[in-house]
Every structure is written in C-alpha cells, then in structure tokens.
Amino acid sequence: MEMQWPLMVFTLFVCLGAGVFAVQGLLALLGKGKELQLWALVVSALSLVVGGVGSFLHLQHWERVFNGFGHLTSGITQELIGIVVFALALVVYFVMLRRSDTGMPPRWCAVLAIIVAVALVVVMALSYNMGAKPVWDTPLLWLYYLSDAAFLGFLAVAMLAGWKEGAIQPASLSSPGAAAEATASVAGTSAGAGAHTDAAGSAGAVEDVDADAPGRSSRREAVPSSPALAARFSARLSWICGLIHALAVAAYAAFFGMAGAAFPDVGYYYDPTHPTKSVVDPSTAFASILAEPVFWLGAVLIGLLVPLALAFLAEKRKPRQLACLCGTGLVCALVGGFCFRAVLYLLGFSVFVFY
Amino acid sequence: MTQYAIVTDLNRCVGCLSCSVACKAVNNVPVGNYWNKVLRIGPNPVEGGSGHFPDVYMYFMPVGCQHCEYPECVEVCPTGASQKLEDGTVQIDKAKCIGCQFCAMACPYNVRYLNEEELAVEKCTLCEQKIVNGELPQCVSQCGGMARYFGDLEQGLESFEGAENGKDRITLGSFAEPYTDDQVYRLPDVGNSPNFLYILRNHAWQGGGQ
C-alpha cells in the first residue's frame, strides 16, 4: 500500500518518547541519573509532540476531531486516550520531580512512567493489528515496537547522561572510573558503590536504593546517582535491547516469508480498469524485499548493526565519547526504524490484493 | 432485520464494465477512484486438462464494498463516520469523517478511496439514494449481462431482483440458471463476514474465501 509518512513519524517518535520515559523511570527506580531526569522528560515530551504533529498531518480534516472522537473500538481513539494519559503522566512526573528534595521522583511515579510508556506502545501496536493486512496482524508488531522503544530509549538516555557527565566533570575526571570514584567520594559511600567496575557499582547502588523507604530522603541522598553510572548502565542496556530488537527484526523477516500463505491465489488475473498496472504477487514481493536497500541497508545495517556496534563501543568510553557514540547510534536507529516502517507499508497488502 | 446485498451470477458476467461506468456516472466518483471494479480471473487451466488452450477458463468478477456483517471499517473508525445501518448497508457520514483513512487500511478488499476534493473517504453506498425510493442500484439496473441482482438476504436469494427485461424486473429465482448452494461464494473473510454473493457454476472459484 501507499506510504503513510505521517504515521511512520508518529509510530517512530511515540516509540522514542515512550522509550525515554520508561528508561528514566527505570533509572529513577534504580537511583541512577538524577541529573538527567529533567532533560529526559523534555526529550520524551518533545518526541510526543513530534509524533502528535505527525499523526495530525495524517488527518485530512483534523478540525473535525472535536466533533466526536469517542468510538472506543477504534485503535485511533485508543491511541488518543493513551497519548492523553501519557501526557498527563509526564506532567505528574514533572511536578513530582520539582517537588522532590532529592531530585528524584517517588517510586510510584517511576513505576507509573514505565507502565504508561509500555501501555502506550502496546495500544499503538494493537491499532495496526488488522485482519485485512496479514503482515501487520501479528504479535511480532508488538515485539518490534516494544524493542524499538527500549532500544531508542536507552540510546537517547545514554547520550543525555554522557553529555551531562561530560558537561559537569573536569577533563581530568572525565574517565568513567574516575567519575564514578569522584561521585562516590562526594557522596561518602563505601568502596562498593564507587567501584571501578560498573557492574559492581551498579549492583551496590541498586541494593541501596531497593532498601530505601520512599520517605527516607537522607538515606537516598547517599546513593551515587552520577550521570556516568547512568550513562554506562544505559549504554549497556541499549546494546542488550538492540540485540533483542535485532531478534524481533529477524523474526519479522522470517514471518514475511510465511505471510504469503495468507493471500488467496487466483492464478492469472487482469484488471481491465488498469491495463498497464503490474500484477501484484505478495509472495514475490516478500521474498524480494529482503534484497531491497530499504531493508538490508536502511533497516538492518544502518538501523541495527551500526547502532548496536556504537552502543557496544560506547559502554567503555569516556562520557563525551559515549554521548557522541550513543547520539550517532540514536540517529541511525531512528533512520532504521523509519526504513522498517516503510517496509511494513510496502508489504502492507490487503488480503484481497487484486482490487 | 434487513441485509441488503448484491448477488452476481459470474456465469453471465461478460466483463463489459457497465456496472463500473454506471456507478461512476451516477455517484460522481472522482477520476482515479472506483466504487466498483471488474476483475478478470484467469485464464486458468481446467482441472484434468492439458494445461494449455483450449483447456482453460476465465470469468469476470465485479468487486466493491461487500457491506459486511461485521465491518472492520466501522470498528476502526474513530468518529463513528462509518456506520452499519438498519438496512444492513455500511455507509459513511462524510461530515464526521476526519480523513484518517484507517477504514481504508482495515478493509480487506481495498475498496475505500479518499476523495481528494472533499478530503473524506468514500465507497459504494449501494446507491442508497436510489434504493430508499424502491429503485435498484445503478450497477444492477444497468448490468449489460443481466448478471447482477439486488435484494434482502433475509428474504432469500430467489427474491433478488435484477435489471428490467422488457418492463418488469427479472428475479434471480425465475431468471437465473439453476445452481446449488456450494456454487455460491463469498470473498475472503477475515472475521468481517462479507455479504455479497457470487454464483459460479462449472468452474473452480479462484477468489479465495468460500
């Protein structure tokens, strides 16, 4: 079917916004990255705005949405409800962040962020599960959107965290180990939390925070929540989520091959109304899409392998380099996400393809 | 309950495209849009034949909105612009349509079009303006092969009426060649239960569905 560019922008940036919101909620739960909470919120809100503008551009008569937009079985209505709830959650998160003495939102708010973000992505995927389009009508679409959101979210937050760390730390302290040590010493924690290896440091931080009661802010302040820890944690999670995302894309590619069976075969046919139009053969289209640059170059190479490699390299780098690598990876992942969505539209044949 | 529908006798359809042209003229369908289109299925080899001419067959099949029992287009419409009426037809209240085109995506048959001037989605209305006055849809009354019949599925196929043969309308029961229940087909069903029927005798149905 025809490309629906605004909807591709919408689904891509909703994934980014939801991913960033969920990741910052996760970091808040783990007591990491308090310096980047506000910035992550801004990125998430901006993504939502870009996605929202995209979806409105898709509407031919957007002014009529005020006439009545309440048909609840419609995926679009559900998406709208999801977006309103998401926007409200952003506002609540912002207010709780500003009112907090520790610079971190309360745990319930962090959990709310994760739940709302996941719910929005699932609702969005559900609205494209249509029996009329065999390639879209699969739970793989959920998996793809969710893993895309996680990949984009961790890359964006890692970039933000690296950038914040690079901005506040003197050059001499900007190596990851030194930064962690500096933070730990300022916070007055034991060597366990400020360990050179991030894994040990992260684990220590998690345990400390998990032991915290929500109201015990003095205890919470003792937790190292430096951007450096958050950056490396996010970079690591981004390549792990990137691997899951790669599996989702691979599973979808395999599904393309099988989806041909869902289309009726009428043998030879001809459309006298469009005598020069080529005959549509979904099974051939599915097989040939894997050789199209939009798939192997855009969605796989640029959109998956490059950001995966960059995120992997970024984990052990200094904050500024980490920010650059993850930022580049984020741009590549966005391009890849756009290309894969284009593939989904290119293969978005109706069950009855001949009309 | 009423469920208006069209039955097409594919053994009589000659592929003249009269239904397509008549629909365009009466409903002012914009250039490039089709509420009704005729497809040629085949030539496909006859079972047990040589696989080559003359052991082949083909038939023509008019396709449009199937006015489904459980229309996907109505389910996905965010504003309720697409509705299933009491007469069983699926109609679009264009004043409510926001032009999101999700109905066009959700339609298994691809028969919905965006009107580029009105910026609203359109499709076959089963000539609502005519049938409320007791007239036949234009694709039925102008069918060159006298292959199309309009009626209420609840009243049985025999009661379906076709074009005038002289001065009276033909009925499927009196005019059509005999057929059996297993020679009546529908387009592929993905849960929407299409209501339009196709009669095809002595050939293999190739349209998917059953």
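Structure's up top.
Residues numbered from 1 in each chain as written. Chains lettered and ligands numbered in written order. Predicted model: local features only at pLDDT ≥ 70, side-chain atom pairs only at ≥ 80, totals over all residues. Heavy atoms only, no water.

Visitor: Describe the overall build of chain B, naming the residues involved and giving the relevant values.
Guide: Check the secondary structure of chain B and you find six helices and 12 strands. The globule rule puts the C-alpha radius of gyration for 210 residues at 17 Å, and the 17 Å found for chain B is close to it. Each of the three principal axes of chain B carries a C-alpha extent, and together these read 55 × 40 × 30 Å. For chain B, contacts bridging at least 24 residues in sequence account for 54% of all contacts bridging at least 6. Approximately 8900 Å² of chain B is accessible, and the part contributed by carbon and sulfur atoms is 48%. Separation between the mean location of the 15 positive side-chain charges and that of the 25 negative ones in chain B comes to 5 Å. (Helix = DSSP H or I, 4+ residues; strand = E, 2+ residues; numbered from the N terminus. Rg over C-alpha atoms; globule rule 2.2 N^0.38 Å. Contact = heavy atoms within 4.5 Å. Areas by Shrake-Rupley, 256 points an atom, 1.4 Å probe, with all protein chains shown as cover. Lys, Arg positive; Asp, Glu negative; His and termini not counted. Charge placed at Lys NZ, Arg CZ, Asp CG, Glu CD.)

Visitor: Give me the packing of aromatic side chains: which residues, what numbers.
Guide: As enumerated under the stated definition, the model contains 29 aromatic pairs over all chains in all. The interplanar angle of 40° and the centroid separation of 5.0 Å between the aromatic rings of B:Y4 and B:F150 together place this pair among those described as tilted. With B:Y4 in strand β1 (residues 4-9) and B:F150 in strand β8 (residues 148-152), this pair connects stretches of sequence that are 146 residues apart. You can call B:Y4 partly exposed: its relative accessible area is 24%. The exposure class assigned to B:F150 is buried, which follows from its relative accessible area of 9%. Ring-pair connections join several aromatic residues into one group, and the members of that group are A:Y144, A:Y145, A:Y252, A:F255, A:F256, A:F263, A:F286, A:F295, A:F340 and A:F349. Above the ring of A:W136, the side-chain terminus of A:K133 is found at 5.9 Å from the ring centroid. A cation over an aromatic ring shows up here: A:K164 above the ring of A:W163, its NZ or CZ 5.7 Å from the ring centre. (Phe/Tyr/Trp six-rings, centres within 6.5 Å; stacked < 30°, edge-to-face > 60°. Buried < 20%, exposed > 50% of the residue type's maximum accessible area, 1.4 Å probe, protein only. Lys NZ or Arg CZ within 6 Å of the ring centre and 35° of its normal.)

Visitor: An account of the sheet that holds strand β3 (residues 56-64) of chain B is requested, with residue identities and associated values reported.
Guide: In space, the three strands of this open sheet follow the order β1(A)-β2(B)-β3(B), with antiparallel pairing throughout. The strands lining the two open edges of the sheet, one partner per strand, are β1 (269-270) of chain A together with β3 of chain B. Two strands pair when backbone bridges link them, and strand β2 (residues 36-45) of chain B and β3(B) are joined in this way by eight bridges, in the antiparallel orientation. Bridge pairing links B:R40 to B:F60 in β3(B). Most of the contacts of helix α1 (residues 18-27) of chain B go to β2(B), to which it runs at about 165°, and overall it touches β2 and β3 of chain B. (Pairing = 2+ DSSP bridges. Axes fitted to C-alpha atoms, helices over the stretch in contact; angles between N-to-C directions.)

Visitor: Please provide a residue-by-residue account of the environment of A:W136, values included.
Guide: Examined against the element boundaries, A:W136 turns out to sit in the loop between α4 (107-128) and α5 (140-168). Take A:W136: its relative accessible area is 3%, and that puts it in the buried class. For A:W136 and A:A40, which are 96 residues apart along the polypeptide, the C-alpha to C-alpha distance reads 31 Å. Among all residues touching A:W136, those that are not within four sequence positions of it are A:M1, A:Y128, A:N129, A:M130, A:L141, A:Y252, A:L344, A:Y345, A:G348 and B:M105. Polar contacts involving the side chain of A:W136 include one to the main-chain carbonyl oxygen of A:L344, which spans 2.9 Å. (Polar contact = N/O pair within 3.5 Å; in protein donor to acceptor, adjacent residues only side chain to side chain.)

Visitor: Outline a nonpolar patch on the surface, supporting the account with residue identities and numerical values.
Guide: Residue and element names in this part refer to chain A. A contiguous nonpolar surface patch, about 710 Å² in accessible area, is contributed by L38, W39, V42, L46, V91, F94, V95 and W163. Secondary structure elements with two or more residues in the nonpolar patch: α2 (37-58) and α3 (75-99). Element by element, the count of residues in the nonpolar patch is highest for α2, at four residues. Looking at where V91 falls in the secondary structure, it is placed in helix α3. (Patch = residues over 30% accessible without salt bridge, like charges linked within 9 Å, V, L, I, M, F, W, Y side chains within 5 Å. Salt bridge = Lys/Arg side-chain N within 4 Å of Asp/Glu carboxyl O.)

Visitor: Residues and numbers for the nonpolar core, please.
Guide: With 168 residues, the main nonpolar core has A:Y128, A:Y252, A:F256 and B:M61 as its most contacted residues. Ranked by residue count, the leading element in this core is helix α1 (residues 5-30) of chain A, at 16 residues. Discounting residues that sit within four places of it in the chain, A:Y252 has contacts with A:V135, A:W136, A:T138, A:L140, A:L141, A:Y144, A:F340 and A:L344. (Core = buried A, V, L, I, M, F, W, Y, C linked by side-chain atoms within 4.5 Å.)

Visitor: Describe in detail the pairing of β8(B), supporting the description with residues and values.
Guide: Residue and element names in this part refer to chain B. With five of its five residues buried, β8 lies for the most part within the structure. What you see with β8 is no split at all: R148, F150 and D152 on one side and Y149 and G151 on the other are buried throughout. Where β1 lies against β8, five bridges are found, and the strand directions are antiparallel. Bridged to V7 within β8 is Y149.

Visitor: So what's going on with unusual backbone geometry? Which residues, and what values?
Guide: Residues and elements named next belong to chain B. Here the amide bond leading from G42 into P43 is cis, since omega sits at 5°, within 30 degrees of zero. Looking at where P43 falls in the secondary structure, it is placed in strand β2. Backbone geometry at N28 places phi at a positive 55°, although glycine is not the residue there. For N28, the position within the fold is in the loop between α1 and β2. Positioned with a positive phi, N110 is a non-glycine residue whose angle comes to about 65°. Tracing the backbone through its elements, the reader meets N110 in the loop between α3 (102-106) and β6 (113-115).

Visitor: Explain the environment of A:P139 residue by residue, including any values.
Guide: Residues and elements named next belong to chain A. Relative to the assigned elements, P139 resides in the loop between α4 and α5. Given a relative accessible area of 61%, P139 falls into the exposed group. A C-alpha to C-alpha distance of 8.4 Å links P139 and A125, two positions 14 residues apart in sequence.

Visitor: How would you sum up the layout of surface pockets? Please name residues and give values.
Guide: Considered as a void within the structure, the largest pocket measures approximately 1200 Å³ in volume. Secondary-structure elements contributing two or more residues to the lining of the largest pocket are β1 of chain A together with α3, β6 and β7 (120-122) of chain B. In terms of residue count, the dominant contributor to the lining of the largest pocket is β6(B) (three residues). Residues belonging to the lining of the largest pocket are distributed by class as follows: 20 nonpolar, 13 polar and 11 charged. By volume, the second largest pocket is sized at about 360 Å³. What lines the second largest pocket is a set of 18 residues, and nearest its centre among them are A:G52, A:S55, A:F56, A:L80 and A:I83. The set of elements that each furnish at least two residues to the lining of the second largest pocket consists of α1, α2 and α3 of chain A. Its residues placed into classes, the lining of the second largest pocket shows 14 nonpolar, three polar and one charged. (1 Å grid on protein atoms, 1.4 Å probe; cavity = no way out; pocket = protein on both sides within 12 Å on 5 of 7 lines; lining within 4 Å. Points joined across faces, edges and corners; volume = space filled by probe spheres on them. Nonpolar A, V, L, I, M, F, W, Y, C, P; charged D, E, K, R; others polar.)

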